[in-house]
Amino acid sequence: MIRYALTRLALLLLGLFVASVLIFLTLRVLPGDVAQLIAGVNGTPEQVAAIRERMGLNSPLPAQYLEWIGGVLRGDLGTSLVTGTSVVTELSQKAQVTVPLGILSLAIAVAFSVPLGVLSAMRRGRADGTALSVGAQLLAAVPVVWAGMMLVVVFAVWLGWLPAQGFPRAGWADPGAAIRALILPALTIGIVEGAMLMRFVRSATLQAVGQDFVRTAAAKGLTRDAALIRHGLPVVGLSVITVLGLQVAGIIVGAVVIEQLFTLPGIGRMLVADVSARDLPKVQGELLALTGFVLIVGFVVDLAHRAIDPRQREAS
């Protein structure tokens with residue numbers, strides 16, 4: 001297990017290195033002069049020269065990368081050209097909205113997708129099982145923006161139960177208002193992501209039904225459903241853990257859109273605003289932080305899967 005963890009850790013570090021190089025080069029091979037883009041069309045040559053000097057753009061690309069990655073290794077993701085504040089500071093502030101939103105979205109997705117996915121597989125060939133399967137396919141095809149707008153119309157406009165947009169100024173000092181502000185955005189992401197997860201759970205459950213150990217348990221006197229629940233669902237659970245790790249990336253992408261739709265002051269909305277403001281050093285740090293988060297989640301999922309599944313340990 002230790003050797004496997006060290007191998008995965010080495011791959012994680014390699015992935016972070018490759019991601020950092022790609023992010024760095026992508027932002028520097030954009031058409032036009034980066035300093036001129038930041039200064040705007042009305043920027044004077046003196047302003048452009050000052051920006052180039054402040055960003056270190058006069059140095060060779062390898063030197064610029066080494067300076068930036070050296071700061072990253074010290075915990076410094078850079079400084080915003082617009083606000084002059086640390087990227088780490090702003091990320092920590094915005095994460096107070098995005099992280100709870102992601103956790104709540106994932107909880108909603110799991111809460112309905114796992115039981116309904118299993119039920120859909122167990123009722124395969126029956127009217128209710130077919131209805132669940134078709135419903136999951138339809139929900140998975142719904143654009144997240146459209147789903148959010150429909151939820152706003154129903155729960156905010158018609159029923160008036162939840163706020164349509166915004167986040168309380170007091171933040172989590174008023175937890176009730178903060179949670180109410182996150183319910184509709186989390187439902188939007190959770191329903192769409194949960195529909196895709198439900199389809200996978202159904203497929204994994206159907207595959208588990210055909211396994212020899214489930215058929216053997218049924219042959220020893222258990223009903224098919226009882227054999228599946230007792231012996232098949234643990235195997236399904238291992239597969240679900242892997243998919244959940246992959247869905248974290250989907251939730252992050254969904255948060256970028258949903259935070260715009262619901263005007264939430266989170267990381268996704270901040271990233272879009274920074275791209276529009278051409279705050280490239282800040283965008284660079286934000287993209288690396290988000291990429292690192294996704295890679296770390298995958299690393300943790302791999303270790304959890306290895307620790308839980310005895311078949312992988314025996315195979316090694």
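So, how was this worked out
- Residues numbered from 1 in each chain as written.
- Predicted model: local features only at pLDDT ≥ 70, side-chain atom pairs only at ≥ 80, totals over all residues.
- Heavy atoms only, no water.
- Helix = DSSP H or I, 4+ residues; strand = E, 2+ residues; numbered from the N terminus.
- Buried < 20%, exposed > 50% of the residue type's maximum accessible area, 1.4 Å probe, protein only.
- Contact = heavy atoms within 4.5 Å.
- Areas by Shrake-Rupley, 256 points an atom, 1.4 Å probe, with all protein chains shown as cover.
- Salt bridge = Lys/Arg side-chain N within 4 Å of Asp/Glu carboxyl O.
- Patch = residues over 30% accessible without salt bridge, like charges linked within 9 Å, V, L, I, M, F, W, Y side chains within 5 Å.
- Phe/Tyr/Trp six-rings, centres within 6.5 Å; stacked < 30°, edge-to-face > 60°.
- Polar contact = N/O pair within 3.5 Å; in protein donor to acceptor, adjacent residues only side chain to side chain.
- Arc of directions from axis to C-beta.
- Expected span 1.5 Å × (residues − 1).
- Axes fitted to C-alpha atoms, helices over the stretch in contact; angles between N-to-C directions.
- Parallel < 35°, antiparallel > 145°, perpendicular 65-115°, else oblique.
- Left-handed = near helix turned anticlockwise from the far one by under 90°.
- Nonpolar A, V, L, I, M, F, W, Y, C, P; charged D, E, K, R; others polar.
- pLDDT = per-residue confidence, 0-100.

## Side note on the overall build of the protein chain
The secondary structure content of the protein chain amounts to 13 helices and 0 strands. Going from the N terminus to the C terminus, the protein chain shows its helices and strands as α-α-α-α-α-α-α-α-α-α-α-α-α. Counting only residues that meet the buried cut, the protein chain has 38% of its 316 residues in that class. Residue pairs in contact within the protein chain that sit at least 24 positions apart in sequence constitute 69% of those at least 6 positions apart. In the form shown here, the protein chain has an accessible surface area of approximately 16900 Å², with 67% of it arising from carbon and sulfur atoms.

## Quick notes on the pattern of salt bridges
Here the structure, examined in full by the defined rule, presents 4 salt bridges. Between Asp302 and Arg8 there is a salt bridge; the shortest N-O distance is 2.5 Å. On the criterion of sequence distance, the pair formed by Asp302 in helix H12 (residues 280-308) and Arg8 in helix H1 (residues 2-28) is long-range, its members being 294 residues apart. Glu90 is paired through a salt bridge with Lys282; the nearest N and O atoms lie 2.4 Å apart. Residue Glu90 is found in helix H5 (residues 87-122), and its partner Lys282 is found in helix H12; the two are separated by 192 residues along the sequence. The exposure classification of Glu90 matches that of Lys282, with both residues buried. Salt bridges sharing common partners tie together Glu90, Asp274 and Lys282.

## A word on a nonpolar patch on the surface
Residues Leu11, Leu14, Phe17, Val18 and Leu22 make up a contiguous nonpolar surface patch of roughly 460 Å² in combined accessible area. The topology assignment puts Leu22 in helix H1.

## Section: the packing of aromatic side chains
Applying the stated criterion across every chain yields a total of 6 aromatic pairs. Ring geometry for Phe17 versus Tyr65: centroids 6.5 Å apart, planes at 75 degrees, classification edge-to-face. Of this pair, Phe17 sits in helix H1 while Tyr65 sits in helix H4 (residues 61-73), and the two are 48 residues apart along the sequence. By relative accessible area, which is 47% here, Phe17 ends up partly exposed. The interplanar angle of 65 degrees and the centroid separation of 6.2 Å between the aromatic rings of Phe167 and Trp172 together place this pair among those described as edge-to-face. For Phe167, a relative accessible area of 17% corresponds to the buried category.

## Brief notes about the side chain of Ser80
Assignment of secondary structure puts Ser80 in the loop between H4 and H5. One polar contact links Ser80 to Asp279, side chain to side chain, over a distance of 2.5 Å. Ignoring any residue separated from it by four or fewer positions in sequence, one finds Ser80 in contact with Thr85, Val87, Glu90, Asp279 and Lys282.

## Remarks on helix H3 (residues 45-55)
Here H3 has its buried residues at Val48, Ile51 and Met55. Seen from one end, H3 has its buried residues packed into an arc of 60 degrees, which puts them on one side. Set apart from the buried face of H3 by more than 90 degrees, the exposed residues are Pro45, Glu46, Glu53 and Arg54. Looking one or two residues beyond H3, the residue adopting positive phi is Gly56, at roughly 75 degrees.

## A word on H4
Here H4 contains 13 residues, and its C-alpha end-to-end distance of 18 Å stays within 8% of the 18 Å for a straight helix at 1.5 Å per residue. Gln64, Tyr65, Trp68, Ile69, Gly70, Gly71 and Val72 are the residues of H4 that are buried. As for H4, its buried residues are in contact with H1 and H12. Looking one or two residues beyond H4, the residue adopting positive phi is Gly75, at roughly 85 degrees.

## Some thoughts on the packing of H5 against helix H6 (residues 127-140)
One can describe the packing of H5 onto H6 by two numbers: an axis separation of 8 Å at closest approach and a directional angle of 135 degrees. The angle between H5 and H6 places the two elements in the oblique class. Taken as a pair, H5 and H6 cross one another with a handedness that is left-handed. Between H5 and H6, the contacting residues are Leu116, Leu119 and Ser120 on the first element and Gly129, Leu132 and Ser133 on the second. Residues that form the contact of H5 with H6 fall into these classes: 3 nonpolar, 3 polar and no charged.

## So, the confidence of the model for the protein chain
Of the residues in the protein chain, 90% have a pLDDT of 70 or more, and the chain-wide mean is 84. Within the protein chain, the element-level pLDDT minimum falls on helix H13 (residues 310-315), averaging 55, and the maximum on helix H7 (residues 144-158), averaging 91.

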